[in-house]
Amino acid sequence: MALYKHFREYFPSTLVRTQELDPSKTYIFGAHPHGIIGISVWCNIVNAFSGFEELFPIKLRVATLNSNFYIPFFRDYALLHGFISCARSCLLRVLRKKTSVMIVVGGASEALDARPGVYKIILKRRKGFVKLALETGSSLVPVFCFGENDLYRQLDNPDGSMVRRLQNWGKRVLGFSMPLINGRGIINYDFGLLPHRTHLRTVVGAPIDVPLTPEPTPDQVDHYHKLYMDGLAALFEKHKENETDTIVFL
């Protein structure tokens, strides 16, 4: 367990609560951005030393790619830490048991745009989690992970380039993306696979109440999706530390 404490201190990491949550309700947390490998979620949500359970006394499961459960040993590690599959059927089953879930909405595609300064958030057409919230009456909670995109540098891969086409092909075939990254080493700071020591500040926003709607219409989904996007943008603007940082929805 001490290893997890040192893991958080390495960056260091901070979890920020902007509003208390009603423990009698269920929530769908949307975490943004994905970054290269979503280290903020490991540090500030899953980690036993993050203080999440003290700030938010609710039952929570974090969703990950279903393919991760086919990897020997990692499957057991993920299950041990409470991860679940991001498959709709699994999320629906967990929410109906009055357990909240967290989804890193941007997923593998967003990792290919993880760069410092500009947070490119893939969200405009990702509405499945909003429909799920309506079907279960779960409140939507935007979460922004500041510093996540600063952990690594990656090779330029603009849309249409050979590198990006190969990465997109790999994602279609394997189900996950393969950004070409550079971090730091143990004794050097300009090359290696370790993440840079950057302050990871995860800010949990205010919940957006969603009515229980067993069969939501597209207009209802669009309405609450817009409320969510507006809430995430406002959370970013209020809590960003670098005034030059910008958020772009894709």
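Residues numbered from 1 in each chain as written. Predicted model: local features only at pLDDT ≥ 70, side-chain atom pairs only at ≥ 80, totals over all residues. Heavy atoms only, no water.

A. Focus on the nonpolar core. Ranked by size, the top nonpolar core spans 34 residues in total, and within it Ile28, Leu123, Phe129, Leu140 and Phe144 carry the most contacts. Ranked by residue count, the leading element in this core is helix 9 (residues 218-239), at seven residues. (Core = buried A, V, L, I, M, F, W, Y, C linked by side-chain atoms within 4.5 Å. Buried < 20%, exposed > 50% of the residue type's maximum accessible area, 1.4 Å probe, protein only. Helix = DSSP H or I, 4+ residues; strand = E, 2+ residues; numbered from the N terminus.)

B. Main features of the packing of aromatic side chains. A full pass over the atoms with the stated rule returns 14 aromatic pairs. With 5.0 Å between their ring centres and 40 degrees between their planes, Phe52 and Phe56 make a pair best called tilted. Judged by relative accessible area, Phe56 falls into the buried class, the value being 1%. Summarising the aromatic geometry, the rings of Tyr119 and Phe236 are spaced 5.6 Å apart at their centres and angled 70 degrees between planes, so their arrangement reads as edge-to-face. (Phe/Tyr/Trp six-rings, centres within 6.5 Å; stacked < 30°, edge-to-face > 60°.)

C. Representation of a nonpolar patch on the surface within the structure. Side chains of Leu65, Trp169, Val173, Leu174, Phe176 and Met178 sit close together on the surface and give an oily, nonpolar patch of about 550 Å² of accessible area. Here Leu174 lies in helix 8 (residues 162-174). Look at Leu174 and you get partly exposed, because its relative accessible area is 42%. (Patch = residues over 30% accessible without salt bridge, like charges linked within 9 Å, V, L, I, M, F, W, Y side chains within 5 Å. Areas by Shrake-Rupley, 256 points an atom, 1.4 Å probe, with all protein chains shown as cover. Salt bridge = Lys/Arg side-chain N within 4 Å of Asp/Glu carboxyl O.)

D. Focus on unusual backbone geometry. For the peptide bond that leads from Phe11 to Pro12, omega is 0 degrees, which places it in the cis range. Topologically, Pro12 is positioned in the loop between helix 1 (2-10) and strand 1 (13-17). With an omega of -15 degrees, the peptide bond running from His32 to Pro33 counts as cis. Here Pro33 is to be found in the loop between strand 2 (27-32) and helix 2 (39-46). Within the chain, Phe73 stands out as a residue other than glycine whose phi angle is a positive 75 degrees. Residue placement: Phe73 occurs in the loop between strand 3 (60-64) and helix 4 (74-80). One non-glycine residue with positive phi stands out, namely Lys98, at about 65 degrees.

E. Spatial organisation of helix 5 (residues 88-96). By the burial criterion, the buried members of helix 5 are Cys90, Leu91, Leu92, Val94 and Leu95. Lining the buried residues of helix 5 we find strand 2, strand 3, strand 4 (83-85), strand 5 (100-104) and helix 7 (128-136). In the segment just after helix 5, Lys98 is the residue with positive phi, at about 65 degrees. (Contact = heavy atoms within 4.5 Å.)

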